[in-house]
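Given next are the chains, with one letter for each unit.
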Amino acid sequence: MPSLVSPRLLFLVGEIIPLKKLSRGSSSALSQGSVRFFSRVDRQKNAPLTLANLGFNTEFEKTTKNKRNKLENVKVNYPTEAPKSREKVAASDKSRAVRVKKTLEIDSAPFAATSFSELGLPSPLIERLEMEGFNVPTDVQSAAIPTILKNHDAVIQSYTGSGKTLAYVLPILSKVGPLKDKSSSGDKETGKKTDIEAVIVAPSRELAMQIVREVEKLLGPENKRVVQQLVGGANRSRQEEALKKNKPLIVVGTPGRIAEISAAGKLQTHGCRFLVLDEVDELLSFNFRQEIHRILEHVGRRSGADPQGQKNLLVKSADRQTIMVSATVPFSVVRAARSWACDPLLVQAKSVIPLESLTPGTVNLSRPTSSSNSDLNLQHQATVQSLPPALKHYYCVARLQHKVDTLRRCVYALDAQSVIAFMNHTRQLKDAVFKLEARGMKAAELHGDLGKLGRSTILKKFKSGQVRVLVTNELAARGLDVPECDLVVNLDLPTDSIHYAHRAGRTGRLGRKGTVVTICEESEVFVVKKLQKQLGVPIPVCEFTEGKLIVTDKEKHAEASR
Ligand SMILES: Nc1ncnc2c1ncn2[C@@H]1O[C@H](COP(=O)(O)OP(=O)(O)OP(=O)(O)O)[C@@H](O)[C@H]1O
């Protein structure tokens with residue numbers, strides 16, 4: 001597969017493996033006849049990452065066991081020093097960067113801080129937060145903000161709607177732009193004044209635009225130009241002109257457009273200090289592999305002199321901080337973080353630990369060998385941390401031709417005002433909208449065939465309540481934040497539990513109530529049962545009778561909850 005092999009990496013579907021590591025691992029695996037290592041990795045790679053399925057007894061587990069001492073007992077490996085190996089030197093044989101090990105100090109992170117000022121953010125930023133009504137940080141923000149402020153690379157994993165965007169945006173704004181800490185030494189370290197200081201990548205235009213709005217909100221109207229969106233589907237030359245004219249410090253965009261403009265030499269990111277990959281597991285998928293590779297190779301990497309003082313383009317220094325974010329972090333992300341980040345930490349709502357210590361071997365040590373129940377428990381731990389705990393899940397059985405009508409009855413029964421219905425194919429999606437509209441329910445379609453303008457108009461209408469049911473596909477499954485959304489319906493089954501988690505996570509955001517209903521045919525029930533096991537949440541069967549949701553599977557519901 002010559003086209004897939006880059007000098008440093010071998011890209012596989014959905015994962016990036018350092019080539020050196022692969023050849024070393026594969027030869028030893030073969031010589032020892034140890035094929036099990038690889039099959040184990042394969043099994044792991046699509047499972048969401050949790051400390052539990054990586055073989056760690058998390059502080060989260062301990063605290064749930066002993067709720068009374070919930071926060072006092074949280075003590076984690078929390079490194080207080082910046083990584084000493086921020087300077088990475090790529091050897092001339094282009095093998096992996098040489099890393100200097102750092103000593104980790106044990107300390108406790110300010111989990112569940114009661115105010116943003118406890119987290120070391122500069123006062124102008126705290127003022128802006130207060131003006132925008134953000135007063136108390138969420139758990140994942142309490143853990144991530146100090147970690148990033150201390151210059152650590154990080155993988156942030158926390159359930160959908162838990163505030164991961166601000167968890168990385170706030171430390172960036174503390175060091176970049178008009179709200180930054182004035183003592184920040186960043187200016188001297190970065191290159192020219194026109195250089196971009198932070199690049200944030202997201203897999204969809206909608207998500208990228210949403211992040212831009214969040215950053216703009218904090219910057220305030222007078223500083224909007226500090227951030228610029230670079231998304232596909234919009235006029236590229238206009239974006240390039242805006243870059244030249246406004247000289248933004250932060251760009252947020254989709255992988256294709258960022259890579260395109262960067263390849264054209266119109267985006268100066270070599271002096272960039274922050275690279276964020278939001279929805280990182282999606283960004284590492286096959287679809288984006290070339291663009292993400294380019295971004296990882298170029299952002300924050302300046303050519304420099306080699307140790308002998310001679311100019312050598314193969315010797316580079318990486319000054320950037322790499323931050324990877326998602327509610328679901330399969331093991332492929334751990335591998336990618338190890339390749340591309342510098343001593344990265346895994347940041348979750350209640351723990352911060354070095355990613356380096358997580359290995360498939362560690363998983364195996366704690367993984368029970370024969371009990372399938374224990375495997376299910378591990379899955380349960382996994383999804384507890386990617387799904388909002390307050391969500392309610394149900395499924396109901398309907399014939400294919402009655403699904404849309406069932407959706408309509410479901411909306412009335414739950415009196416849902418803002419509904420996202422997921423389907424897998426665009427044509428059926430249009431039919432569903434047509435049927436709903438014909439029966440007097442305000443509905444609209446959102447999918448990739450629509451232009452950028454069409455997509456944002458529909459989203460605006462949905463957010464403002466003019467559209468009650470948004471019928472969409474995976475495009476809207478990740479990251480989309482519509483706090484009012486009170487019901488998610490799967491009109492078609494999601495492909496796996498990770499897709500289920502992201503779809504479901506469009507409702508019940510930041511502690512709000514939310515319901516997820518999967519409408520399936522009789523022949524698909526076994527898939528729902530499988531999802532229920534993998535997700536570790538009860539999904540009882542229900543019916544919509546006389547305008548009410550009736551749970552018809554109480555016994556099994558109780559069993560699943562145990
Ligand atoms: N500290 C806070 N106080 C109040 N609201 C907050 C706070 N932090 C974030 N929010 C709001 O919570 C909502 C969800 O945040 P966000 O979109 O960052 O979640 P997320 O964890 O990234 O979700 P997903 O995994 O689905 O992308 C947003 O509307 C955001 O403005």
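Bear in mind the structure is a predicted one, so any value in this text is a computation, not a measurement. (Residues numbered from 1 in each chain as written. Predicted model: local features only at pLDDT ≥ 70, side-chain atom pairs only at ≥ 80, totals over all residues. Heavy atoms only, no water.)

Caption draft 1: Broad picture of the pattern of salt bridges. Applying the stated criterion across every chain yields a total of 16 salt bridges. The shortest N-O distance in the salt bridge between E197 and R273 comes to 3.2 Å. With E197 in the loop between α7 (186–189) and β4 (198–201) and R273 in the loop between α10 (255–263) and β7 (274–278), the pair connects residues that are 76 residues apart, well separated along the chain. Owing to a relative accessible area of 8%, E197 belongs among the buried residues under this scheme. Overall, R273 belongs to the buried group, its relative accessible area being 12%. Here K266 ties to E240 by a salt bridge, and the two come within 3.4 Å at their closest N and O atoms. Of this pair, K266 sits in the loop between α10 and β7 while E240 sits in helix α9 (residues 236–246), placing them 26 residues apart in sequence. With a relative accessible area of 44%, K266 lands in the partly exposed category. By relative accessible area, which is 12% here, E240 ends up buried. Within this structure, R236, E240, R257, E260 and K266 form a network of salt bridges that share partners. (Salt bridge = Lys/Arg side-chain N within 4 Å of Asp/Glu carboxyl O. Helix = DSSP H or I, 4+ residues; strand = E, 2+ residues; numbered from the N terminus. Buried < 20%, exposed > 50% of the residue type's maximum accessible area, 1.4 Å probe, protein only.)

Caption draft 2: Spotlight on the sheet that holds β4. Read from one edge of the open sheet, eight strands run β5-β6-β4-β7-β10-β3-β11-β12, paired in mixed fashion. Of all strands in the sheet, those with a lone pairing partner are β5 (227–230) and β12 (351–354), marking the two edges. Neighbour to neighbour, the strand axes of the sheet diverge by 15 degrees on average, direction disregarded. Both β5 and strand β6 (residues 250–253) contribute to a ladder of four bridges, which runs parallel. Directly across from V227, in β6, lies its bridge partner I250. (Pairing = 2+ DSSP bridges. Axes fitted to C-alpha atoms, helices over the stretch in contact; angles between N-to-C directions.)

Caption draft 3: Summary view of the site of the ligand. Lining the immediate surroundings of the ligand are 21 residues, of which V136, G161, K164, T165 and D481 lie closest. Taking S162, its main chain carries an N or O atom lying 3.0 Å from an oxygen atom of the ligand. Summarising the interface, the protein chains cover 90% of the accessible area of the ligand, which totals 640 Å² for the free molecule. Sorting elements by how many residues they give to the shell around the ligand places helix α6 (residues 164–175) first, with three residues. Looking at side-chain class alone, the shell around the ligand contains seven nonpolar, eight polar and six charged residues. (Near = heavy atom within 4 Å. Polar contact = N/O pair within 3.5 Å; in protein donor to acceptor, adjacent residues only side chain to side chain. Areas by Shrake-Rupley, 256 points an atom, 1.4 Å probe, with all protein chains shown as cover. Nonpolar A, V, L, I, M, F, W, Y, C, P; charged D, E, K, R; others polar.)

Caption draft 4: Examining the UniProt feature "domain: DEAD-box RNA helicase Q" (unreviewed entry) in the protein chain more closely. Under the UniProt annotation, the feature "domain: DEAD-box RNA helicase Q" (unreviewed entry) is placed at residues 114–142. Here residues 114–142 is 45% helix and 0% strand, with 9 Å between the C-alpha atoms at its ends. (UniProt positions renumbered as here; feature names shortened; annotations may be inferred.)

Caption draft 5: View of the nonpolar core. Within the largest apolar cluster, 49 residues are counted, with the highest numbers of intra-cluster contacts made by L121, I156, Y168, L170, I172 and I250. Ranked by residues supplied to this core, first place goes to helix α8 (residues 205–219) with eight residues. Not counting the four nearest positions on each side in its chain, I250 is found in contact with I172, L173, V176, A198, I200, V215, V226, V227 and Q228. Among the nonpolar cores identified, the runner-up in size contains 33 residues, and V280, L283, I295 and I353 belong to it. (Core = buried A, V, L, I, M, F, W, Y, C linked by side-chain atoms within 4.5 Å. Contact = heavy atoms within 4.5 Å.)

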